[in-house]
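Residue-level listing of the chains:
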Amino acid sequence: MELRQLRYFVTVAQHGSFTRAAQLLHLTQPGVSSQIRQLERELGHRLLDRSGRTVRLTPAGEAVLPHARAALASAAAAHRAAQEFGGLRRGHVRLGMVAGAALTPPSELGTFPGLATTLAAFRQEHPGIDFSLAEDTTARMLTALREGRLDLAVVGLPAPASGREGDDGWSALTGLALHTVLEIPLVAACAVGHPLVEGAGPDPGPGPAPGPGPDPADASGAASGPGPAVGSVGSVGSAPGWRSLPVAALAGHALLSTPRGTGLRTALESALAEAGVEPAVGVEAAAPPQLAELAAHGLGVAVVPDPGPVPGLRVRPLTDPVPRVRIALAWSTGHPASPPTAALVAHLRQAYPGPAAAQPPAGTAAPPVAGSTAAPSAT
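Computed from a prediction, not measured in an experiment: that's the story for all the values here.

(A) Layout of the pattern of salt bridges. By the definition in use, this model includes 10 salt bridges. Arg94 is the salt-bridge partner of Asp151, the closest N and O atoms lying 2.9 Å from each other. In this pair, Asp151 sits in the loop between helix 6 (138-146) and strand 5 (152-158) while Arg94 sits in strand 3 (residues 91-98), placing the two residues 57 residues apart along the sequence. Across the salt bridge formed by Glu147 and Arg149, the nearest N and O atoms sit 2.9 Å from each other. Residue classification places Glu147 among the buried residues on the basis of a relative accessible area of 16%.

(B) Quick look at the nonpolar core. Core analysis: the largest hydrophobic core is formed by 41 residues, its most contacted members being Leu152 and Leu250. Secondary-structure elements contributing two or more residues to this core are strand 3, helix 5 (115-125), strand 5, strand 6 (176-191), helix 7 (263-274), strand 10 (301-305), strand 12 (324-332) and helix 9 (339-351). Top contributing element to this core by residue count: strand 6, with 7 residues. With near-sequence residues (within four places) excluded, Leu152 lies in contact with Arg94, Leu95, Gly96, Leu145, Leu329, Ala330, Trp331, Leu344, Val345 and Leu348. With 18 residues, the next largest nonpolar core counts Val10, Ala22, Leu25 and Leu48 among its residues.

(C) Representation of the side chain of Glu40 within the structure. Mapped onto the fold, Glu40 is located in helix 3 (residues 29-43). On the basis of relative accessible area, Glu40 is assigned to the buried category, the value being 8%. There is a polar contact of 3.1 Å between the side chain of Glu40 and the side chain of Arg50. Excluding anything up to four places from it in sequence, Glu40 contacts His45, Arg46, Leu47, Leu48 and Arg50.

(D) Representation of the environment of Ser74 in the model. Positionally, Ser74 belongs in helix 4 (residues 59-84). We classify Ser74 as partly exposed; its relative accessible area is 39%. Each C-alpha atom, one on Ser74 and one on Glu147, is 8.4 Å from the other, the two residues being 73 residues apart in sequence.

(E) Structural context of the pairing of strand 6. Burial of strand 6 is extensive: 14 of the 16 residues sit out of reach of the surface. Pairing of strand 6 with strand 12, which is carried by 9 bridges, proceeds in the antiparallel orientation. Each bridged residue has a counterpart across the sheet, and for Leu176 the counterpart in strand 12 is Ser332. Two elements, strand 6 and strand 11 (residues 313-319), share 5 bridges in a ladder whose sense is antiparallel. Looking at the pairing, Ala191 lines up with Leu313 of strand 11.

(F) Fine view of helix 3. Between the first and last C-alpha of helix 3 there are 21 Å, a value that for 15 residues agrees with the 21 Å anticipated at 1.5 Å per step. Taken as a whole, helix 3 has its buried residues at Val32, Ser33, Gln35, Ile36, Leu39 and Glu40. Along helix 3, the residues classed as buried sweep out an arc of 165 degrees about the axis, all on the same side. For helix 3, exposure combined with an orientation more than 90 degrees from the buried face picks out Pro30 and Arg41.

(G) Structural context of the pairing of strand 10. Counting buried positions along strand 10 yields 5 of 5 residues, so the element is predominantly enclosed. Relative to strand 10, strand 6 runs antiparallel, the two sharing 4 bridges. By the bridge assignment, Val187 is partnered in strand 10 with Val304. The pairing of strand 8 (residues 255-257) with strand 10 spans 2 bridges and is parallel. Bridge pairing links Leu255 to Val301 in strand 10.

The rules behind each value
- Residues numbered from 1 in each chain as written.
- Predicted model: local features only at pLDDT ≥ 70, side-chain atom pairs only at ≥ 80, totals over all residues.
- Heavy atoms only, no water.
- Salt bridge = Lys/Arg side-chain N within 4 Å of Asp/Glu carboxyl O.
- Helix = DSSP H or I, 4+ residues; strand = E, 2+ residues; numbered from the N terminus.
- Buried < 20%, exposed > 50% of the residue type's maximum accessible area, 1.4 Å probe, protein only.
- Core = buried A, V, L, I, M, F, W, Y, C linked by side-chain atoms within 4.5 Å.
- Contact = heavy atoms within 4.5 Å.
- Polar contact = N/O pair within 3.5 Å; in protein donor to acceptor, adjacent residues only side chain to side chain.
- Pairing = 2+ DSSP bridges.
- Expected span 1.5 Å × (residues − 1).
- Arc of directions from axis to C-beta.

Next up, the structure:
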């Protein structure tokens with residue numbers, strides 16, 4: 001089995017055509033077909049169904065395809081590592097980021113820099129290292145990390161989500177290392193006048209009375225003081241002292257959330273399932289700030305990290321259970337990281353030490369650089 005045969009197979013599978021694959025590979029069609037037949041003979045199974053107008057994968061081909069892609073990605077990583085072995089003078093890191101994750105902390109967790117600031121500081125230290133940044137869902141980025149199409153990702157996960165056996169928070173984390181940056185509770189964000197906020201003013205229960213300040217029922221829906229930056233994840237506090245809302249109370253209301261495959265959506269659906277409520281997500285948007293603005297215009301109840309002050313919006317903390325989302329750095333443990341990737345991971349972990357009280361999940365050691373003998377533990 002040769003890498004070129006795997007490359008030909010992956011190209012044909014991707015485009016469904018020997019002719020198109022040959023054009024892209026700058027080869028003749030008979031040459032591509034001959035090499036793939038040789039690969040099929042070696043594996044003992046037909047990988048491609050050539051009977052129709054479009055070439056399709058056989059069941060054996062579907063099983064082999066992800067391994068072929070992983071092998072090609074590993075070969076490319078080995079080539080990059082050899083080129084970069086001389087040091088960190090140059091290189092490239094492919095970074096994925098879940099929509100809206102600026103890594104800006106809630107006020108009660110103190111302060112640390114946003115992602116753009118952190119990357120700029122790293123670039124000053126290593127001016128020869130370039131970045132490519134792409135936004136996607138967590139599920140697709142986890143796959144891209146395993147297949148070697150991403151080096152590092154900022155992902156959103158339901159909490160808890162460690163990847164360990166028995167942890168149903170997110171079963172797809174096996175083979176990945178995690179470093180938690182933030183764990184944030186989700187709130188219900190509604191428009192002024194929505195039934196879930198009518199009559200749900202400050203909790204009169206035990207505790208000191210709220211100090212002077214804006215009425216939480218004013219038209220702005222904003223607490224005093226600046227809120228989190230757009231794209232950040234904020235803390236519960238846009239309506240200080242407001243009564244908590246049981247997750248079961250969301251039943252029968254149109255909900256706004258991120259698409260399936262995101263940690264926020266998974267955290268919401270897990271909490272609804274625990275409360276015995278069927279999910280009814282009527283509107284999806286890529287980032288929490290978009291959802292909050294849609295909710296302020298009356299399109300439904302956004303279940304998001306506290307968005308901070310948004311005109312026309314009310315928030316109520318959720319309970320029974322409290323849905324939480326985790327923002328974390330993730331990278332593959334299936335292959336050694338390139339020197340630039342390992343350096344960036346170390347830089348980000350220093351910039352974002354994570355929740356002080358939280359114990360890091362297994363497998364959060366910094367990835368070894370190419371050529372290192374250290375083996376990362378799996379999550």
